[in-house]
Amino acid sequence: MSGKSRIDPEDRALFLDAVGSVDPVEDNRVEPVRPRPSARPRRDPGFDEMVDDLAFSDQAEAPEQGEQMQYLRPGVQRTILRKLKRGGYSVSASLDLHGMTVEQARAAVAAFIRVERGERRRCVRIVHGKGYRSADQRPVLKSMLNRWLPQRDDVVAFCSAPPHDGGAGALYILLRRTGPHD
């Protein structure tokens, strides 16, 4: 293609005569800025508390339990549970359920885990007792924790604490690692 214009010179002259003199337009366009949507879901105040209150079903199937309890979420490496049992994670917070009813304990555990996850804590301890003061000398809260905790996606594993930290009357709980936006 040559540098010559294919427009007839006569047509060009007619066009320029019809248009007249013009000033060039400055390119001052502004591109719209679209805000990036937040990665965090929008929730009404109190939503997390409401979900936590509903999260623990007493009807859920509990893993078999003896004196010592343990649980490992399916798909998680067994070395994590071994490390938890040996005390390989630093316990950063504790909750004592002594003297609480099942309903009080349910609310306290849900709130405790929510707060500790918000603080980005990984390993916590819950003292549930051995049931010596219950009506039938059974560890009621221990068995409820064995039902409740596997229902939470943020609980990776739990096991009975070593004797120096409560033994069969307490649990070490490993919470899911949190990312920067969890």
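Further up the page is the structure itself.
Conventions we followed
Residues numbered from 1 in each chain as written. Predicted model: local features only at pLDDT ≥ 70, side-chain atom pairs only at ≥ 80, totals over all residues. Heavy atoms only, no water. Helix = DSSP H or I, 4+ residues; strand = E, 2+ residues; numbered from the N terminus. Buried < 20%, exposed > 50% of the residue type's maximum accessible area, 1.4 Å probe, protein only. Contact = heavy atoms within 4.5 Å. Areas by Shrake-Rupley, 256 points an atom, 1.4 Å probe, with all protein chains shown as cover. Axes fitted to C-alpha atoms, helices over the stretch in contact; angles between N-to-C directions. Parallel < 35°, antiparallel > 145°, perpendicular 65-115°, else oblique. Left-handed = near helix turned anticlockwise from the far one by under 90°. Nonpolar A, V, L, I, M, F, W, Y, C, P; charged D, E, K, R; others polar. Pairing = 2+ DSSP bridges. Disulfide = S-S within 2.5 Å. Patch = residues over 30% accessible without salt bridge, like charges linked within 9 Å, V, L, I, M, F, W, Y side chains within 5 Å. Salt bridge = Lys/Arg side-chain N within 4 Å of Asp/Glu carboxyl O.

1. With respect to the overall build of the protein
- When its secondary structure is counted, the protein shows 5 helices and 5 strands.
- Starting at the N terminus and walking to the C terminus, you meet the elements of the protein as α-α-β-α-β-α-β-α-β-β.
- Burial analysis of the protein (182 residues in total) assigns 34% to the buried set.
- Considering only intrachain contacts with a sequence separation of at least 6, the fraction spanning at least 24 residues in the protein is 70%.
- Carbon together with sulfur atoms contributes 51% to the accessible area of the protein, which is approximately 13000 Å² in total.

2. A word on the packing of helix α4 (residues 102–118) against helix α5 (residues 140–148)
- The geometry of α4 relative to α5 is characterised by a closest axis approach of 11 Å and an angle of 45 degrees between their N-to-C directions. Between α4 and α5, the angle falls in the class oblique. The handedness of the crossing between α4 and α5 comes out as right-handed. Every residue of α5 that contacts α4 at V102, A105, R106 and V109 is listed here: V140, L141, M144, L145 and W148.
- Residue composition of the contact of α4 with α5, grouped by class: 8 nonpolar, no polar and 1 charged.

3. Quick word on the sheet that holds strand β2 (residues 93–96)
- Judged by pairing direction, the sheet is mixed, and its 5 strands sit side by side in the order β1-β4-β5-β3-β2 without closing on themselves. Because the sheet does not close on itself, it has two edges, and the strands there are β1 (70–72) and β2. The sheet shows a mean angle of 20 degrees between the axes of neighbouring strands, direction not considered.
- Across 3 bridges, the pairing between β1 and strand β4 (residues 155–160) is antiparallel. Residue pairing across strands places Q70 opposite C159, the latter belonging to β4.

4. A short note on the state of the cysteines
- Considering all chains together, one arrives at 0 disulfides under this definition.
- You can see C123 has no disulfide; the closest cysteine sulfur is in C159, sitting 8.0 Å from it.
- Its relative accessible area of 1% is what places C123 among the buried residues.

5. Digging into a nonpolar patch on the surface
- A contiguous nonpolar surface patch, about 400 Å² in accessible area, is contributed by F15, L16, V19 and V22.
- When you line up the elements, L16 lands in helix α1 (residues 9–19).

Geometry only, nothing functional implied.
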